[in-house]
Amino acid sequence: MDYQQDFAKEVYEKVDSGAEIKVCMQCGVCASTCPLREKMKYSPRKLWTLIRAGRRQEVLNCPDIMLCTSCYTCKVRCPRGIPVIDVMHGLAHYALEKGITPREETKKFGEAFWDSIYETGRVDEATVPIKYCLKDGMIAGLKKSLSMLDIGMALMKAKRLTPKLFIPPNFFIPGSHKIKGLKDLQKMLDKAKAMGARKEG
Amino acid sequence: MSKKICGYICKGCGIGDALNTAKLAKAAGEQGVKEFKEHDVLCSPEGVAMIQADVDAGYNALLIAACSSRVKTDEFAFGSQVLVERVSLREQVVWGLSEADEEDTLMAGEDYMRMGAIKLSKSEPPTPYQLEGEVAKAVLVVGGGVAGMNAALAAAKAGSQVILVEKEAQLGGFLGKMAKLGPQTPPYRALEDTKVDELVGKVSGLDQIKVYTGTTIDKTEGAPGNFTVSLSNGEQVRAGAIIQATGWLPYDPENLKDELAYGSNPNIVTNVQFEEKAKTGDLSGINAIAFVQCAGSRDQNHLPYCSAFCCLVSCKQAMYVKAANPEASVYVVYKDVRTPSQSEEVYREAQRQGVIFIRRDETYPSISGSGKLTLTTKDVLLNEQVDLEDLDMVVLATGMKPNNPKVVDAPLVAFGEDQEKAKQMTEEAKAQNEDWSILNLAYRQGPNLPTLKYAMPDSHFICFPYESRRTGIYTAGTVRRPMRVSQAQEDGVGAAMKAVQVIRAAEVGCAVHPRSGDETFPEFAMQRCTQCKRCTEECPFGAINEDDKANPLPNPTRCRRCGVCMGACPERIISFKNYSVDIVGSQIKSIEVPEEDEEKPRAVILVCENDALPVIDMAARMGKTWSPYFRFINVRCLGSVNLVWIADALSKGIDGVGLFGCRRGEDYQCHFIKGSEIANVRMSKISETLTRLALESDRIKVSEVGINEVETLMDILKSFQDTIDTVGPNPYKGF
Amino acid sequence: MTDDSMSQAILVVGGGMSGLSAALEAAEAGFKVVLVEKNPYLGGRVAQLHQYFPKLCPPYCGLEINFRRIRSNPRIEYYTLAEVTSVTGQPGDFTVAVKQNPRFVNEKCTGCGKCSEAVTATISNPFNYGLSQIKAAYLAHELAMPQRFVIDPSIAGTEDGQKAFQACPYGAVDLGDKGQDLTFKVSAVVWATGWTPYDPTKIEYYNYDKSPNIITNVMMERLAAPFGPTQGAIQRPGDGQAPKNVAFIQCAGSRDENNLPFCSSICCLASLKQSTYIRSQLPESKVTIYFIDIRAMDRNEDFYTKVKADEGVSFVKSKIALITPTDGGNLILEGENTTTGERFKAEHDLVVLATGMQPNTALNKIPYDVAYDDYGFVLGNQAIIGAGTVRRPSEVVTCVQDGTSAALKAISAARR
């Protein structure tokens with residue numbers, strides 16, 4: 001039994017910007033604009049088809065939905081104006097909400113991201129990936145960062161990463177300056193986290 | 001009217017330098033143009049004024065030896081009662097023969113002068129054909145659907161009386177059967193009312209439009225400006241022009257029993273049946289429904305063409321379901337979504353409303369189930385086989401067939417020597433013809449409009465979509481090709497334009513497309529007719545009827561002036577005032593043929609003025625040159641070439657005859673549809689005769705030349721010249 | 001209807017297929033028609049096409065018939081190089097101001113070509129979409145109607161201009177030509193100004209301006225045309241080599257909310273047609289058509305069927321997401337084959353962008369109160385009668401149909 005509409009409706013209603021995917025005409029432009037195209041099992045296009053086809057498990061467990069780097073290229077180019085990144089993030093968030101973690105790394109990356117903001121009040125493209133790479137320890141981190149060189153290059157092409165970041169990570173993590181009023185931001189973030197938890201609960 | 005002839009030679013554009021104008025004038029003098037004037041630039045205001053002064057002084061037949069008849073037409077036009085014959089010295093002599101020696105160039109110039117002069121001497125100004133009695137000015141519209149009603153309203157608005165005949169009990173056609181129209185106006189998202197009652201009201205409310213419902217046509221006799229139409233109610237009406245807007249027939253779903261299980265479950269319906277449900281019933285009970293696109297269309301076993309409206313209809317019908325039950329699951333199973341132009345927005349809107357589009361492959365989905373239905377299809381985009389289950393209904397988006405009987409032309413009588421094959425093909429063609437009729441034309445060539453592919457009754461569907469092969473009868477709307485409502489509306493108006501126009505042409509006494517405005521028409525010297533029927537059989541437009549004794553009964557207002565009848569007539573009894581077997585024959589005979597020992601062969605090339613003449617002009621202006629032994633003569637269409645001209649040429653010692661015309665065959669470009677093909681068939685016959693006379697059949701060459709094919713033209717000319725050199729002099733030279 | 005009752009004139013703006021049809025059909029019904037065309041020749045976009053689909057016949061063939069109809073019809077006067085500057089009044093009583101730009105060649109021109117021989121300056125040939133240069137004194141194209149030369153304004157005041165003037169034996173070169181302002185009182189106005197190919201530089205990721213070997217479909221027509229920049233030899237503009245592996249990219253701008261949200265409706269068939277140009281001229285070459293949906297409506301489906309049967313033409317359902325030129329002049333296309341899910345990179349040596357139709361009314365509004373849709377197409381039932389591609393993207397047959405119906409609407413307005 002395919003194309004049961006329950007899951008599609010769930011996505012339309014509960015996932016951020018989920019209803020926007022209705023107008024997808026399956027051109028596939030999103031797939032090839034994505035800097036992570038080599039890493040993704042499915043393209044956003046294919047994911048939308050799977051959603052329409054009612055493949056709940058396949059979609060929510062798909063690591064692809066957590067790969068989006070927010071480069072915005074797909075969103076800008078989608079001929080039907082679908083905010084692809086919003087939907088991708090929406091799906092990832094929705095999966096996590098449902099207790100599904102399709103991709104442990106992304107979760108770690110998210111934590112690194114959060115930590116960076118929480119600790120310094122900033123997030124820069126240099127710090128977060130490095131912190132993320134180092135989450136599993138120094139050696140594994142080096143390996144990981146090298147394995148992701150292609151993604152970095154693709155991001156660079158998409159003008160989403162500046163080359164200086166490709167100085168190999170050394171023992172000194174280039175620190176970000178803390179912002180003024182970090183304390184206030186942290187208060188806000190605490191509150192946001194609490195609100196998020198309430199909503200999910 | 002007595003003819004006062006004067007010739008004019010232009011010395012501009014190099015003519016004066018290349019040619020001895022006195023000798024040119026002398027040559028023309030041999031063929032009846034005695035008076036001559038020269039001018040340095042004949043097309044200049046001074047040159048034109050000089051001619052105009054002569055016209056004012058009573059000269060009414062002018063030989064203008066200057067440039068091609070295709071240029072400077074405004075300068076050299078002096079009204080329809082002043083005959084003008086142009087000699088193309090610039091293109092065909094000065095430019096085209098720029099590499100020839102002086103003697104050969106002059107001989108060519110002299111021949112062209114003789115040919116022009118004899119044609120002018122033998123031509124008469126036209127006397128426009130006038131129908132007997134009063135010209136019928138009403139427009140008869142057959143079919144009261146979208147196209148027909150719009151045609152009727154438009155014609156009425158333009159001042160015509162209209163007779164509208166509809167076979168159903170009420171006007172409206174399919175529009176009347178629709179629940180809603182798809183989005184038509186910006187932003188192209190909302191369903192719209194059909195407003196059919198308003199339209200019917202307008203049509204019925206106008207005094208100028210006489211509506212007959214529940215009526216069909218028993219018989220249509222006559223010709224543009226004079227049709228007499230017998231209606232099924234016993235009445236007879238007169239009309240000047242006819243618009244056939246008989247719409248479409250839904251493709252018969254019974255044919256889809258095997259492929260799409262039609263008939264196996266009452267909930268498998270066609271889009272037409274679903275529309276009816278939407279109009280009369282409640283769709284809110286539908287929880288799941290699938291539309292199957294291309295149900296029969298784009299299928300070599302059913303309708304090979306795309307029906308062009310079904311994608312949008314399914315979008316619309318999907319919206320009906322969504323409007324009745326927003327929670328319903330609605331699927332459209334398609335091959336390509338074809339929502340052209342602004343209607344792309346309709347596709348988007350259907351999607352926005354939650355309609356799911358599933359792309360399938362060439363294989364039909366399988367549909368099964370006695371209660372709820374299951375549809376299994378290859379989902380190309382998922383790259384899997386998928387099952388849609390628990391469907392309340394499956395709608396087959398069946399296509400449209402023109403509501404017009406199919407008429408396949410019998411192939412022309414001869415196929416070279418293979419008479420058996422010809423016979424067989426004729427039988428095959430006949431077998432394909434459908435034996436029902438809408439207009440019941442009392443025409444020698446049959447009761448229906450000839451059709452091209454798929455029973456669509458047109459003849460030049462790209463450039464001249466309204467031109468049917470029955471003058472004064474135009475088709476509009478879906479009978480012409482699959483189209484949407486908005487297109488059919490416009491199409492009706494366009495057909496009304498053509499109807500209004502043909503009635504005026506009948507009044508004025510001139511031709512319609514493509515020789516629009518031509519006031520000549522074929523005249524028959526009946527006392528010499530042998531009732532051979534060739535003219536009545538070969539006329540591409542069915543213009544000529546026959547009486548019981550097989551005498552031709554011409555209908556000049558049906559005639560397009562191509563001259564195919566003239567080419568067909570073995571007795572040479574058909575002629576136009578400025579174009580006849582005698583005139584062209586005399587032109588050929590006026591060519592001076594040098595003795596064999598002079599080694600100056602001659603070939604006459606009969607050139608279709610529609611495509612072949614322009615390409616010759618173009619070649620000349622591009623600096624291409626050809627043999628000075630060729631002599632070009634313009635013809636209206638290759639179909640007008642009479643075999644006697646070939647005999648005239650060969651018996652005079654001319655070494656070869658070429659016929660250059662338009663592309664023939666399935667994708668013909670011949671503006672008179674069959675002319676080029678007919679010429680080819682006739683020439684295949686003559687080659688037998690030539691062989692019997694010990695003349696090489698290579699001496700006759702029929703070629704197709706496209707209007708922009710300069711290189712092809714040059715190749716053909718070159719190879720023809722080589723052929724003539726190879727076969728050697730015509731043995732009849734000097735006889 | 002007789003000629004006498006037809007004193008009211010109709011003005012048709014645009015001498016392409018729609019405008020020609022409107023003008024001719026009205027004139028042949030006995031009405032006076034003024035036809036205004038901004039190019040120096042009649043025929044519009046179709047004059048630049050090599051062949052029509054699906055018959056693969058030359059557009060000149062039908063144009064020549066229409067030109068002959070004009071030549072033999074005293075009721076039509078036409079003005080080339082002319083544009084409408086204002087329209088006032090209402091149906092039945094319009095006043096239309098027309099600016100005719102200087103041609104610098106008057107009606108004494110015999111088309112002999114001496115001026116062209118004399119001048120040395122060249123200009124980018126607009127008829128060939130800039131794919132070639134042409135002398136600054138030129139005939140717009142081989143079958144141009146009228147057959148009258150044009151002198152480009154850039155040389156009018158130069159020594160070259162003088163050379164042209166001196167070379168003309170007929171006094172046809174008029175370097176002081178200022179053009180003229182004309183006013184027409186007419187009862188109806190038909191607007192048929194046609195379309196412009198969508199600007200491919202607006203689709204940034206196709207890098208149109210980064211490689212000469214990325215061309216548009218209208219340029220492909222010129223490359224295949226016997227009187228085009230290459231005399232019909234299909235070559236890569238970059239190096240003059242015959243392409244071996246050509247890609248057509250459908251919906252290059254069309255069906256795209258970032259560009260033209262509507263479907264341009266002709267590009268599928270145009271690419272199918274152009275694939276036959278390549279395959280017939282270069283039988284060793286391969287063609288790939290990248291598409292979303294193939295839209296070959298009504299009997300044009302037969303043509304699609306025919307092209308599909310050619311093994312040298314393949315179809316990939318994919319909207320191309322990126323074109324990257326290589327150092328060797330080739331192009332790398334990236335996309336997702338949506339039927340397999342595979343993301344591919346494909347190298348081609350010539351890429352044809354099937355760019356769509358933008359209505360000229362989206363670029364230049366009618367100088368009158370007229371309603372348009374969001375895309376700039378003219379709506380129906382208005383004081384000014386739109387015809388052809390200013391109303392919707394359409395192929396030739398629909399334009400003729402639309403021009404014909406516009407003629408009747410104009411006549412009806414004239415009768416009021």
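**Q** Any chance you could explain the packing of aromatic side chains here in plain terms?
**A** Between two aromatic rings, the relevant description is the distance of the centres plus the angle of the planes. All names here are of chain B. All chains considered together, the criterion is met by 24 aromatic pairs over all chains. Taken together, a centroid distance of 5.1 Å and an interplanar angle of 65° make the contact between Trp-248 and Phe-309 edge-to-face. Of this pair, Trp-248 sits in strand 12 (residues 248-250) while Phe-309 sits in the loop between strand 14 (288-295) and helix 11 (310-324), and the two are 61 residues apart along the sequence. Each of the two residues, Trp-248 as well as Phe-309, counts as buried.

**Q** Please explain the interface of chain B and chain A as it appears in this structure.
**A** A common way to express how large an interface is: the accessible area buried when the components associate. Listed per partner, the contact involves 21 residues of chain B and 20 residues of chain A. Across the chain B/chain A interface, buried area totals approximately 1,800 Å², and carbon plus sulfur atoms make up 49% of it. The largest contributions to the chain B side of the interface with chain A come from B:Gln351, B:Leu381 and B:Leu382, which together make up 31% of the buried area. Seen at the junction of chain B and chain A, the total is three salt bridges. Residue B:Glu327 is joined to A:Lys9 by a salt bridge in which the shortest nitrogen-to-oxygen separation is 3.4 Å. Run the count over chain B and chain A and you get nine residue pairs in polar contact (both at pLDDT 80 or more). If you list the elements that add at least two residues to the side of chain B that touches chain A, you get strand 15 (329-334), helix 12 (344-352), strand 16 (356-359) and strand 19 (384-391) of chain B. Here the side of chain B that touches chain A takes six residues from strand 19 of chain B, the largest share from any one element. In terms of residue class, the side of chain B that touches chain A is made up of nine nonpolar, four polar and eight charged.

**Q** What's the story with the nonpolar core in this structure? I'm lost.
**A** If you look at soluble globular proteins, the nonpolar side chains tend to sit buried side by side. Counting residues in each nonpolar core, the largest one holds 237 residues, and the members touching the most others are B:Leu89, B:Met113, B:Ile243, B:Leu606, B:Trp626, B:Trp645 and B:Leu659. Examining the composition of this core, we find that twelve residues originate from one element, helix 14 (residues 485-508) of chain B, more than from any other. Contacts of B:Ile243, omitting those with residues within four sequence positions, involve B:Val139, B:Leu140, B:Val141, B:Val142, B:Ala151, B:Tyr474, B:Ala476, B:Ala495, B:Ala496 and B:Ala499. With 66 residues, the next largest nonpolar core counts A:Leu91, A:Ala95, B:Ala261 and B:Val333 among its residues.

**Q** Please explain the side chain of A:Asp2 as it appears in this structure.
**A** Within the fold, A:Asp2 resides in the segment before helix 1 (5-14). Separated by 2.7 Å, the side chain of A:Asp2 and the backbone nitrogen of B:Asp387 make a polar contact. Contacts of A:Asp2, omitting those with residues within four sequence positions, involve A:Ala53, A:Arg55, B:Gln385, B:Val386, B:Asp387 and B:Leu388.

**Q** Which parts of the structure should I look at to understand the packing of helix 1 (residues 17-28) of chain C against helix 2 (residues 59-71) of chain C?
**A** Any two packed helices are characterised by how steeply their axes cross, that is the angle between the axes, and by the distance between the axes. Residues and elements named next belong to chain C. Here helix 1 crosses helix 2 at 40°, and the two axes come no closer than 10 Å. Taken as axis vectors, helix 1 and helix 2 run oblique relative to one another. Where helix 1 crosses over helix 2, the handedness of that crossing is left-handed. Judged by residue contacts, Met-17, Leu-20, Leu-24, Glu-25 and Glu-28 of helix 1 engage Leu-63, Asn-66, Phe-67, Arg-69 and Ile-70 from helix 2.

**Q** Please clarify how the pattern of salt bridges should be interpreted in this entry.
**A** Pairs can form between side chains of opposite charge once their charged atoms are near each other. In the structure shown here, the tally under the stated rule is 85 salt bridges over all chains. In this structure, C:Glu334 and A:Arg37 form a salt bridge, with 2.9 Å as the shortest nitrogen-oxygen distance. Here C:Glu334 is found in strand 18 (residues 331-337), whereas its partner A:Arg37 is found in the loop between helix 2 (29-33) and helix 3 (44-52) on a different chain. One salt bridge connects B:Arg636 with B:Asp518, and the closest N-O pair in it is separated by 3.4 Å. Remark: B:Asp518 occurs in the loop between helix 14 and strand 23 (523-524) and B:Arg636 occurs in the loop between strand 29 (630-635) and helix 19 (643-651); sequence separation between them is 118 residues. Residue class for B:Asp518 comes out buried when judged on its relative accessible area of 12%. Sharing partners across several salt bridges, the network here consists of A:Arg80, B:Arg298, B:Asp336, B:Arg338, B:Glu344, B:Arg359, C:Arg255, C:Asp293, C:Arg295 and C:Glu301.

**Q** I keep staring at the sheet that holds strand 5 (residues 93-100) of chain C and nothing clicks. Help me out?
**A** The strands making up a sheet associate through backbone hydrogen bonding, with each pair oriented either parallel or antiparallel. Residue and element names in this part refer to chain C. As summarised here, the arrangement of the three strands in space is 4-5-10, forming an open sheet in which the pairing is antiparallel. Here the strands that pair on one side only, and so sit at the sheet edges, are strand 4 (82-90) and strand 10 (180-186). For this sheet, the mean angle separating the axes of adjacent strands, direction not counted, is 20°.

**Q** Is there a simple way to explain the domain arrangement of chain C in this structure?
**A** Residues and elements named next belong to chain C. Partitioning chain C into domains gives domain 1 (3-100 + 179-195 + 358-415), domain 2 (114-167) and domain 3 (199-355). Relative placement of domain 2 and domain 3: their C-alpha centres are 32 Å apart. Contacts between the two partners involve six residues from domain 2, matched on the other side by eight residues from domain 3. The contact between domain 2 and domain 3 buries some 660 Å² in all, and 79% of this surface belongs to carbon and sulfur atoms. Contact with domain 3 buries area across many residues of domain 2, yet Asn-128, Tyr-129 and Leu-131 alone supply 73% of it, more than any other trio. At the surface where domain 2 touches domain 3, the tally comes to zero salt bridges. At the surface where domain 2 touches domain 3, the tally comes to two residue pairs in polar contact (both at pLDDT 80 or more). Its residues assigned to classes, the side of domain 2 that touches domain 3 comprises three nonpolar, two polar and one charged.

Rules behind the numbers
- Residues numbered from 1 in each chain as written.
- Chains lettered and ligands numbered in written order.
- Predicted model: local features only at pLDDT ≥ 70, side-chain atom pairs only at ≥ 80, totals over all residues.
- Heavy atoms only, no water.
- Phe/Tyr/Trp six-rings, centres within 6.5 Å; stacked < 30°, edge-to-face > 60°.
- Helix = DSSP H or I, 4+ residues; strand = E, 2+ residues; numbered from the N terminus.
- Buried < 20%, exposed > 50% of the residue type's maximum accessible area, 1.4 Å probe, protein only.
- Contact = heavy atoms within 4.5 Å.
- Buried area = accessible area lost by both parts, 1.4 Å probe.
- Salt bridge = Lys/Arg side-chain N within 4 Å of Asp/Glu carboxyl O.
- Polar contact = N/O pair within 3.5 Å; in protein donor to acceptor, adjacent residues only side chain to side chain.
- Nonpolar A, V, L, I, M, F, W, Y, C, P; charged D, E, K, R; others polar.
- Core = buried A, V, L, I, M, F, W, Y, C linked by side-chain atoms within 4.5 Å.
- Axes fitted to C-alpha atoms, helices over the stretch in contact; angles between N-to-C directions.
- Parallel < 35°, antiparallel > 145°, perpendicular 65-115°, else oblique.
- Left-handed = near helix turned anticlockwise from the far one by under 90°.
- Pairing = 2+ DSSP bridges.
- Domains from an automatic or database assignment.

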